[in-house]
Amino acid sequence: MNKYVIHGGKPLFGEINISGAKNAAVAILPAALLVDGVCRIENIPQISDVSLFFNILDELGAHIRSRNLHAVELNCHSIRSTHPSYEMARRIRASYYLIGALLGRFGEATVAMPGGCNFGVRPIDQHIKGFTAMGAEVSVEGGFIHASAKNKRLKGANIYLDVVSVGATINIMMAAVLADGTTTIENAAKEPHIVDLANFLNSMGANIKGAGTDTIKVYGVERLGGGSYTIIPDQIEAGTYMAAVAATGGRVLIKNIIPKHMDCISAKLVEMGVTVDELDDSLIVSRSTPLVRANVKTMPYPGFPTDMQPQISTVLALAQGTSMVTESVWSNRFRYVDELKRMGAQIQVDGKVAVIEGIDHFVAAPIQACDLRAGAALVIAALAAQGITEVSCVQYIERGYEDLVGKLRSVGADIRVEEIPGDDAELESHIG
Ligand code: EPU
């Protein structure tokens, strides 16, 4: 296992290129199982969550040909199993997408139940409600979810989600593309990666309308034949680097983004005294004056994303005055606060609310990431801190950020990777 050694206190200047979206990639790769032909996928981020999905697809019998570091050709014509091994599936939470994809294409799936998670209970009752409404029989036995459709084909249905769930919306969409008839998902999630998955499936031959609104209609088709697709840029990766510049000061051009996706994050940073200049497919973020307090409440898209909550809270810890952050998506996403406090942050957490009293600067301390976005937040704190901070458990960060160290170094950060001798704990990847 590695740690990051960060000598903080340096403003960031230069350019950062944003990679393909992690949460789109981990939906699109299993969705390729629905395609009975060759699909070419580009702008795939090089992160460990994506590598895990390639291993699972390989295990199931997919033919995978790398075209370059970020592009592959996938052929799922001769899949030989609908039962990914526990060893593989348990390592990534998004492996539950394999249920929707395998059930949709082959009429059956057996996938390990997703494990626990570091930021609260993560039920999948809405996914199961959707599959059941489409005629699947779903049971949980020995830690596995078994789902099967009568006569191997699901039937279109009307499904109203009781909670706005990204995962359930995606899983039901995947199950529905090859179903007999039309499926309507109401109260659907609207995140950019939902639209991206729908666009991917449509480009392979599906007929999905309304993705990005709260009603999605999936008109079942007989077959997805293949095609080419480019994954959208990662909204949260871009937001994380924006937050880093907000914390350290400086001026950075964030390239290869979709500005519209950044509005919810840019607006909050501007409120905090950060300058954000939008260009066509990039933006410039800069800060030269003190940060100003703000209140933040996480919400489903287009609200402020929960996946940016730890990063924005870290920036607010350096803002003048008292800020309030309300986490309304996950029940336990403030675990990183104890680590920030070790660096001098003044934050009180009461349930879903954190009250933050701004401090002048963080002080370096050894700290440990407890999940992906928490890890990114701690890196931001370390970049802004006085002194040398060591961040451990960085395997969490590498699940979702491509070449974080290289990208930060390219804008002047003093960050390096060091091996922790004798620390070879296995990466458990329940989060994300
Ligand atoms: N929920 C239910 N029942 C369900 C599904 C969800 O009650 O069947 C609840 C959850 O407990 C939660 C809320 O609904 O309170 C939203 O959960 P959602 O299903 O939207 O989350 P997810 O699909 O499991 C994805 C992202 C997360 C991100 C959330 C919210 C992926 C692979 N993961 O998770 O990303 O936090 O949406 O936007 O897309 C990350 O990237 O760091 C990450 C954690």
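Values in this document were obtained by computation on a predicted structure and should not be read as measured data.

Chemist: Could you clarify how one ought to interpret helix H8 (residues 235-248) in this entry?
Modeler: Helical periodicity: at 3.6 residues per turn, an α-helix aligns residues three or four positions apart in one direction. Over its 14 residues, H8 extends 20 Å from the first C-alpha to the last, a length consistent with the 20 Å expected when each residue adds 1.5 Å. For H8, the buried fraction is high: 14 of the 14 residues fall into the buried class. N-cap assignment for H8: the residue whose side-chain oxygen lies 2.9 Å from the backbone N of Ile236 is Asp234.

Chemist: Please clarify how helix H1 (residues 22-31) should be interpreted in this entry.
Modeler: Most of H1 is tucked away: 10 of the 10 residues are buried. Taken as a whole, H1 has its buried residues at Lys22, Asn23, Ala24, Ala25, Val26, Ala27, Ile28, Leu29, Pro30 and Ala31.

Chemist: Help me understand the nonpolar core, please; the structure alone is not making it clear to me.
Modeler: One broad trend across soluble globular proteins is that nonpolar side chains are buried collectively. Counting residues in each nonpolar core, the largest one holds 81 residues, and the members touching the most others are Ile41, Leu197, Phe200, Leu201 and Leu224. Excluding residues that lie within four positions of it along the chain, Leu197 makes contacts with Ala27, Ile28, Ala31, Ile170, Met173 and Met174. Met242, Ile257, Ala385 and Leu404 belong to the second largest nonpolar core, which has 74 residues in total.

Chemist: Looking at this structure, I do not really get the domain arrangement of the chain. What am I missing?
Modeler: Size of an interface, as often reported, equals the accessible area lost when the parts are brought together. Here the chain is described as being made up of domain 1 (2-19 + 233-427) and domain 2 (22-230). For domain 1 versus domain 2, the separation of C-alpha centres amounts to 30 Å. At the interface, 25 residues of domain 1 touch 21 residues of domain 2. In total, domain 1 and domain 2 occlude about 1900 Å² of area from one another, counting both sides; carbon and sulfur atoms represent 48% of this. At the surface where domain 1 touches domain 2, the tally comes to 1 salt bridge. Between Arg399 and Asp49 there is a salt bridge whose closest N-O contact spans 2.6 Å. In this assembly, domain 1 and domain 2 are joined by 7 residue pairs in polar contact (both at pLDDT 80 or more). Listing elements by their share of the side of domain 1 that touches domain 2, those giving two or more residues are helix H12 (372-384) and helix H13 (395-398).

Chemist: Would you explain the site of the ligand in this entry?
Modeler: Neighbouring the ligand are 27 residues; Ser165, Val166, Gly167, Asp307 and Val329 lie closest to it. Here an oxygen atom of the ligand and a backbone polar atom of Gln126 are 2.8 Å apart. Between the ligand and Val166, the relevant distance is 2.7 Å, taken from an oxygen atom to a main-chain nitrogen or oxygen of the residue. Looking at the shell around the ligand residue by residue, the classes come out as 13 nonpolar, 8 polar and 6 charged. Shared between two domains, the shell around the ligand holds at least three residues of each, these being domain 1 (2-19 + 233-427) and domain 2 (22-230).

Chemist: Help me understand the environment of Val38 in this model?
Modeler: Relative to the assigned elements, Val38 resides in strand E3 (residues 38-42). In contact with Val38, other than residues within four places in its own chain, are Glu73, Leu74, Asn75, Gly225, Gly226 and Gly227.

Chemist: Please explain the pairing of strand E12 (residues 215-219) as it appears in this structure.
Modeler: Side-chain alternation along E12 places Ile216 and Val218 on a buried face and Thr215, Lys217 and Tyr219 on a face that remains uncovered. In this sheet, E12 lies alongside strand E10 (residues 182-186) in antiparallel orientation, the contact comprising 5 bridges. Bridge pairing in E12 links Thr184 to Lys217. Pairing between strand E11 (residues 207-209) and E12: 3 bridges, direction antiparallel. Its bridge partner lying in E12, Asn207 is registered against Tyr219.

Chemist: Can you walk me through the pattern of salt bridges in this structure?
Modeler: One side chain can pair with another of opposite charge once the charged atoms of both are near each other. Applying the stated criterion across every chain, the model contains 21 salt bridges. For Lys129, the salt bridge identified is with Asp162, shortest N-O distance 3.0 Å. Here Lys129, found in helix H5 (residues 125-133), pairs with Asp162, found in the loop between strand E9 (158-160) and helix H6 (166-176); they are 33 residues apart in sequence, far enough to count as distant. Taking the relative accessible area as the measure of exposure, Lys129 reaches 32% and is therefore partly exposed. Each member of the salt-bridge network shares a partner with another, and the members are Arg40, Glu42, Arg65, Arg67 and Glu73.

Chemist: In this structure, what is going on with the sheet that holds strand E14 (residues 250-255)? I would like to understand it.
Modeler: Strands belonging to one sheet form pairs held by backbone hydrogen bonds; the direction of such a pair is parallel or antiparallel. One open sheet accounts for 4 strands, arranged E2-E14-E16-E15; its pairing is mixed. Because the sheet does not close on itself, it has two edges, and the strands there are strand E2 (12-17) and strand E15 (275-278). For this sheet, the mean inter-axis angle between neighbouring strands, taken without regard to orientation, is 10°. Pairing of E14 with strand E16 (residues 282-287) involves 6 bridges; the strand directions are antiparallel. Note that in E16 the partner of Leu253 across the bridge is Ile284. In the packing of H8 onto the sheet, contacts are made with E2, E14, E15 and E16, and the angle to E16 comes to roughly 20°. Here helix H9 (residues 259-271) sits on the sheet in contact with E15 and E16, set at roughly 160° to E15.

Chemist: Is there a simple way to explain unusual backbone geometry in this structure?
Modeler: Excluding glycine, residues mostly have negative phi values, and the peptide bonds linking residues are mostly trans. Note the cis peptide between Tyr301 and Pro302, where omega equals 10°. Mapped onto the fold, Pro302 is located in the loop between strand E17 (295-297) and helix H10 (309-316). Phi is positive for Asn43, close to 60°, though the residue is something other than glycine. As for its position among the elements, Asn43 is in the loop between E3 and helix H2 (48-60). Unlike most non-glycine residues, Asn256 shows phi in positive territory, near 65°. Following the sequence through the fold, Asn256 ends up in the loop between E14 and H9. Of the residues examined, Asn256 reaches a relative accessible area of 27% and is grouped as partly exposed.

Chemist: What's the story with the sheet that holds strand E8 (residues 144-149) in this structure? I'm lost.
Modeler: What the 3 strands build is an open sheet, ordered E6-E8-E7; its pairing is antiparallel. Because the sheet does not close on itself, it has two edges, and the strands there are strand E6 (108-112) and strand E7 (136-141). Between one strand axis and the next, the sheet turns by 15° as a mean value, whatever way the strands run. Note: E6 against E8, 5 bridges, orientation antiparallel. Paired with Thr110 across the bridge in E8 is His146. In the packing of helix H4 (residues 97-106) onto the sheet, contacts are made with E6, E7 and E8, and the angle to E6 comes to roughly 165°.

Rules and cut-offs
- Residues numbered from 1 in each chain as written.
- Predicted model: local features only at pLDDT ≥ 70, side-chain atom pairs only at ≥ 80, totals over all residues.
- Heavy atoms only, no water.
- Helix = DSSP H or I, 4+ residues; strand = E, 2+ residues; numbered from the N terminus.
- Expected span 1.5 Å × (residues − 1).
- Buried < 20%, exposed > 50% of the residue type's maximum accessible area, 1.4 Å probe, protein only.
- Polar contact = N/O pair within 3.5 Å; in protein donor to acceptor, adjacent residues only side chain to side chain.
- Core = buried A, V, L, I, M, F, W, Y, C linked by side-chain atoms within 4.5 Å.
- Contact = heavy atoms within 4.5 Å.
- Domains from an automatic or database assignment.
- Buried area = accessible area lost by both parts, 1.4 Å probe.
- Salt bridge = Lys/Arg side-chain N within 4 Å of Asp/Glu carboxyl O.
- Near = heavy atom within 4 Å.
- Nonpolar A, V, L, I, M, F, W, Y, C, P; charged D, E, K, R; others polar.
- Pairing = 2+ DSSP bridges.
- Axes fitted to C-alpha atoms, helices over the stretch in contact; angles between N-to-C directions.

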